[in-house]
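Architecture at a glance
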Amino acid sequence: MQNNFFNDYTGLQKLEWWMGQVVDEKNWAGNENDKIHKRDDVPGWGKRYKVRIFGRDSKRKDTKDDELEMAEVLFPVTAGSGHAGAHQTANIRQGAYVIGFYKDGIDATEPIIMGVLANNSQTRLSGKDPNDGFVPRSGFKGLNGDKPVSTKDLYAEGPSSLPCTESKSCDPNQNSVSNVDQVKDGSVCTFIPKTRACEGPGGEMRGVQSAIKNALALINRIKAETNTFIGAASNLNSKISRVISDATNLISQAIKITVDKIRGYVVNQLNEGISNLFNLLPPNQRSNVNEAIKQSVDTLQCAFNKIIKGLSGLIEKLLKGIVDQYISAPLCAVEQFTAQLLGSVIGNITGGIQSAISGLSSSFGSAVSFAGQALDVLSIVSGIFQFLSCEETPDCSMEDQWSFWNGPSCVLDKVSSDLSSITNGLISSESSTPPCNTSQVPCGPPVITISGYGGSGALANPVISATGSILGIDLISGGSGYISSPNVILTQDCDNGNGAVIQSIIDTRSGIGSVIGFRIIDSGTGYLPSPDGSTGGNGITLSGPCDTLVKTISSGYSSAKKPGTVINVVSGDIVYLPPSTVVEVFDSNGNIVQTLNGLGQLTPITITSSGSFTSPDCVSGVGIGSIGIENPLIGSPGIPVSPGNPGGSYPVVLEIGDVVINNPGVNYDSKDSIVIIPDNGAILIPEYNDAGSLINVKIENPGIGFTEYPNIYIDSEFGINAQIIPQFKINRVGDLSQENDTVPTNQQIVHVVDCVGKIPPKTTFEIVPR
């Protein structure tokens, strides 16, 4: 290719032109990957399409579509080439007619697409992939199924009519349909911030927790980016300082609210004590002490002003002390941070109270002692704790976290204590504080949280495919007391998956209000079906299964090191190596000073002698997710194992138990059938209304042994937009506590990681009817 394209005569040669049609996307879509991937993970990259060329390729498809050459795309100068990040996306679809020239001239094997021909609005387009080449066809329909399209782009008169041309509207009434779509789009609910009077459980503690967790997640993500070309070119310290500054401001706002509450309490206590002293003085002496009272109050106010003014500096200092030492920020770590912060604040408040009372003593003399506890420093400080414990904010049951992408599905740790209980803990012994793990944690499947609408007790495990889709939710306990379907939220320590949308179904007949099942609206992508050896925390992935982690005594955690990286260490540093690996540390003279035996990315190894070593690769056949092991999540049923060991796993077999019609579509014919690839024996029978919309799907045969979502679509010449989502019935292999159909032998199984624990026997109201 390079000899043909870059030789000295290419610019002088006559261009060899061609025109053709882009074939079905199933034959070329695989050369791209819309996610971050390694360079060699896909057979090609960039925008390339397979084209059947007029005059060269047979109309009868003697040369199959998948055997055609890939055609590259020539972009205009305004689109950029991809250099320095300047590029645009090609917008060519299956069925498009294109024109171009051959890069290799008369050899005619390396076509380049130069432009596309516009579709005529009156051309009748064939549905599906035509048997012959060069037939005008719809870009909406192909071997990979239908492409969803907004109704404003669709012209339909009823079943067996053709969609409008796919370039512009040919319906004079189209504007009204477009307006309806805009109204629907505008009806999507958006978040309205709640008032400070409606804090809900945890109060300001939630704000502190959120700020710290988000700051640590951002900082660790920034560190991970230093392994990339773009990240290496950026200013690491500047980015981290900016994150710390933002977190400092957020925490300062939360703590300032508490300091203001304390100031009000202390001022009231001081005024009460002064009032008692004032009544003890003879009338002729009262006018002489007014100046002393004013000075005392001013001293106290000045002390609080200094405390508030110094909050940002104090918080920033404490944050800088943990950002390099913490990977994860569980609630206990946030409480320890807040206790240290409030300990300094209370100490400064105590000094301010002492100064104010000392000023009164010089004017009132021995009379201060008669005021009793009203002007006793320790009594006032102890009263602060009691005041905060009694002072409550309304619980309005409103969401206090919001994500632009996932809405209110941001879940913080359950706040078991607020700021008052933490300040009370300041007077207890530090030795009673339980240990708190702030290092990396294993990445694994998400944990399901079922919350809201009055009920409690519902528990479930996610069933995840080997490719990271949510296949179903295995109900463990239905709970009780739900007055409406509670929220189903997937939370995880790392950032492996996203996008799943799950609805719960509750029992509305028995009055118990239990969860009886779930509906998968979107299966999401990228979720881990089981721990794979990677680590992280706070919603980020810190290291891969074969990475090496280093925590230095000088600067804390560094970014994960890929195999083959030379790492310098000093005595006291800590490293984490893949399991069963062995590396040697060499000093500057080439002498071996220490041998390190890898114990996994969760077990630390302390460096005893300064030197350097090369990070190892995984040992084949060792550890979860390691090289050379077949996927442990899919296989044939072995010895039946019921759940009951949190962190363990149990086998299930999946069949289609229900079908959700997410979009009924339009224009389908009564003879159009449902295609399932792979079907695993499943047969689905569609039912349409007079407009050709799908109104029901009968499960003729549920099939069995699904390990991934099958591709389900309606084989139709004219119909479009129907979206069918299978809902899998989960059969636990050998679990006598479940209403159990007989599971055939030699069926593909999926192993479910048990994040909940022992599964109790099902009761009648917990069983989802078939």
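Before any of the text, the structure's been laid out above.
Residues numbered from 1 in each chain as written. Predicted model: local features only at pLDDT ≥ 70, side-chain atom pairs only at ≥ 80, totals over all residues. Heavy atoms only, no water.

**Structural notes on the overall build of the protein**
- In terms of helices and strands, the protein carries eleven helices and 32 strands.
- Each of the 770 residues in the protein was classed as buried or not, and the buried ones make up 43%.
- Intrachain contacts of the protein at a sequence separation of at least 6 include 71% that bridge at least 24 residues.
- Per element, the accessible surface of the protein, about 39500 Å² overall, is 52% carbon and sulfur. (Helix = DSSP H or I, 4+ residues; strand = E, 2+ residues; numbered from the N terminus. Buried < 20%, exposed > 50% of the residue type's maximum accessible area, 1.4 Å probe, protein only. Contact = heavy atoms within 4.5 Å. Areas by Shrake-Rupley, 256 points an atom, 1.4 Å probe, with all protein chains shown as cover.)

**What about the packing of aromatic side chains?**
- Enumeration over the complete set of coordinates arrives at eight aromatic pairs.
- Ring geometry for F54 versus F134: centroids 4.2 Å apart, planes at 20 degrees, classification stacked. Note that F54 is positioned in the loop between β2 (48–53) and β3 (70–73) and F134 in the loop between β5 (111–116) and β6 (141–142), a separation of 80 residues in sequence.
- Classification of F134 by relative accessible area gives buried; the value is 14%.
- Measuring from ring centre to ring centre gives 5.8 Å for Y668 and Y688, while their planes differ by 15 degrees; the resulting arrangement is stacked. Within this pair, whereas Y668 is found in the loop between β26 (649–663) and β27 (673–677), its partner Y688 is found in strand β28 (residues 682–688), the two being separated by 20 residues in sequence.
- Ring pairs connect the aromatic residues F54, Y97 and F134, which therefore count as one cluster. (Phe/Tyr/Trp six-rings, centres within 6.5 Å; stacked < 30°, edge-to-face > 60°.)

**Regarding the sheet that holds strand β15 (residues 535–537)**
- If you walk across this open sheet you meet the three strands as β8-β15-β16, and the pairing is antiparallel. In this open sheet, the two strands that pair with only one neighbour each are β8 (441–442) and β16 (540–543).
- Summarising the sheet, β15 and β16 pair through three bridges and their orientation is antiparallel. Bridging across to β16, T535 finds its partner in S543. (Pairing = 2+ DSSP bridges.)

**Re the side chain of S465**
- Here S465 is to be found in the loop between β10 (456–464) and β11 (470–480).
- What makes S465 buried here is its relative accessible area of 0%.
- Within polar-contact distance, the side chain of S465 engages the side chain of E708 at 2.9 Å.
- Excluding its chain neighbours within four sequence positions, the residues that come into contact with S465 are L471, P529, T707 and E708. (Polar contact = N/O pair within 3.5 Å; in protein donor to acceptor, adjacent residues only side chain to side chain.)

**Considering the state of the cysteines**
- Under the defined criterion, the tally for this structure stands at two disulfides.
- The disulfide that involves C443 links it to C494, with 1.9 Å between the sulfurs. Measuring the twist about the S-S bond at about -85 degrees, one finds the C443-C494 disulfide to be left-handed. Remark: C494 occurs in the loop between β12 (487–491) and β13 (498–506) and C443 occurs in the loop between β8 and β9 (447–451); sequence separation between them is 51 residues.
- Judged by relative accessible area, which is 3%, C494 ranks as buried.
- A sulfur-sulfur distance of 1.9 Å marks the disulfide that ties C546 to C618. Its torsion about the S-S bond being -115 degrees, the disulfide of C546 and C618 is classed as left-handed. On the criterion of sequence distance, the pair formed by C546 in the loop between β16 and β17 (549–552) and C618 in the loop between β24 (611–614) and β25 (634–635) is long-range, its members being 72 residues apart.
- The exposure class of C618 is buried, given its relative accessible area of 15%. (Disulfide = S-S within 2.5 Å.)

**Regarding a nonpolar patch on the surface**
- A contiguous nonpolar surface patch, about 720 Å² in accessible area, is contributed by L15, W17, M19, F54, L74, I99, M114 and L117.
- Of note, M19 is situated in strand β1 (residues 17–22).
- Residue classification places M19 among the partly exposed residues on the basis of a relative accessible area of 33%. (Patch = residues over 30% accessible without salt bridge, like charges linked within 9 Å, V, L, I, M, F, W, Y side chains within 5 Å. Salt bridge = Lys/Arg side-chain N within 4 Å of Asp/Glu carboxyl O.)

**Some remarks on the pairing of β28**
- The alternating pattern of β28 places A682, L684, P686 and Y688 on a buried face, while none of I683, I685 and E687, on the opposite face, is buried.
- For β28 and strand β29 (residues 694–702), the ladder comprises seven bridges, and the chain directions are antiparallel. Note that in β29 the partner of I683 across the bridge is N701.
- What sits between β28 and β29 in their antiparallel hairpin is a turn of five residues, with G692 showing a positive phi close to 75 degrees.

**Remarks on the sheet that holds β1**
- Strand order in the closed barrel formed by five strands is β1-β2-β3-β5-β4, and the pairing between neighbours is mixed. The mean angle between the axes of side-by-side strands here comes to 55 degrees, regardless of whether they run parallel or antiparallel.
- Pairing geometry for strand β4 (residues 97–102) and β5, over five bridges, is antiparallel. The residue bridging F101 from the neighbouring strand is I112, located in β5. (Axes fitted to C-alpha atoms, helices over the stretch in contact; angles between N-to-C directions.)

**Examining unusual backbone geometry**
- The step from I677 to P678 runs through a cis peptide bond, and the omega angle for that step is -10 degrees.
- Along the polypeptide, P678 turns up in the loop between β27 and β28.
- For N680, which is not glycine, the phi torsion reads 50 degrees and is therefore positive.
- Tracing the backbone through its elements, the reader meets N680 in the loop between β27 and β28.
- Judged by relative accessible area, N680 falls into the partly exposed class, the value being 30%.

**Details of the side chain of Q601**
- Position of Q601 relative to the elements: it lies in strand β23 (residues 600–606).
- Judged by relative accessible area, which is 5%, Q601 ranks as buried.
- Within the structure, the side chain of Q601 is placed 2.7 Å from the backbone oxygen of P545, a separation counted as a polar contact.

**Remarks on the pattern of salt bridges**
- With the rule as written, the count across this model stands at 15 salt bridges.
- Here D260 and R263 are joined by a salt bridge, their closest N and O atoms 3.0 Å apart. In this pair, D260 and R263 both sit in helix α5 (residues 236–280), three residues apart, roughly one turn of the helix.
- Exposure remark for D260: the relative accessible area of 28% places this residue in the partly exposed category.
- A salt bridge links R732 to D474; the nearest nitrogen and oxygen atoms lie 2.9 Å apart.

**Considerations on the nonpolar core**
- Judged by nonpolar contacts, the single largest core of 50 residues is most densely connected at I212, I251, V266, L319, F337, I349 and I353.
- Secondary-structure elements contributing two or more residues to this core are α3 (204–225), α5, α7 (290–309), α8 (311–322), α9 (331–364) and α10 (377–390).
- Looking at this core element by element, the count peaks at 14 residues for α5.
- V463, V652, I676 and V750 belong to the second-largest nonpolar core, a separate cluster that totals 25 residues. (Core = buried A, V, L, I, M, F, W, Y, C linked by side-chain atoms within 4.5 Å.)

**Concerning α7**
- Spanning 20 residues, α7 covers 28 Å between terminal C-alpha atoms, matching the ideal 28 Å at 1.5 Å per step.
- For α7, the full list of buried residues reads A292, I293, S296, L300, A303, F304, I307 and I308. Seen along its axis, α7 keeps its buried residues to an arc of 160 degrees; they face one direction. Among the exposed residues of α7, those pointing more than 90 degrees away from its buried face are E291, Q295, K306 and K309. (Expected span 1.5 Å × (residues − 1). Arc of directions from axis to C-beta.)

**Quick notes on the environment of S504**
- With respect to the helices and strands, S504 occurs in strand β13.
- S504 gets classed as buried once you look at its relative accessible area, which sits at 6%.
- Distance from S504 to N487, taken between C-alpha atoms, is 7.0 Å for residues 17 residues apart in sequence.
- With near-sequence residues (within four places) excluded, S504 lies in contact with S485, P486, V488, V515, G517 and F518.

Keep in mind these numbers describe shape, not what the thing actually does.
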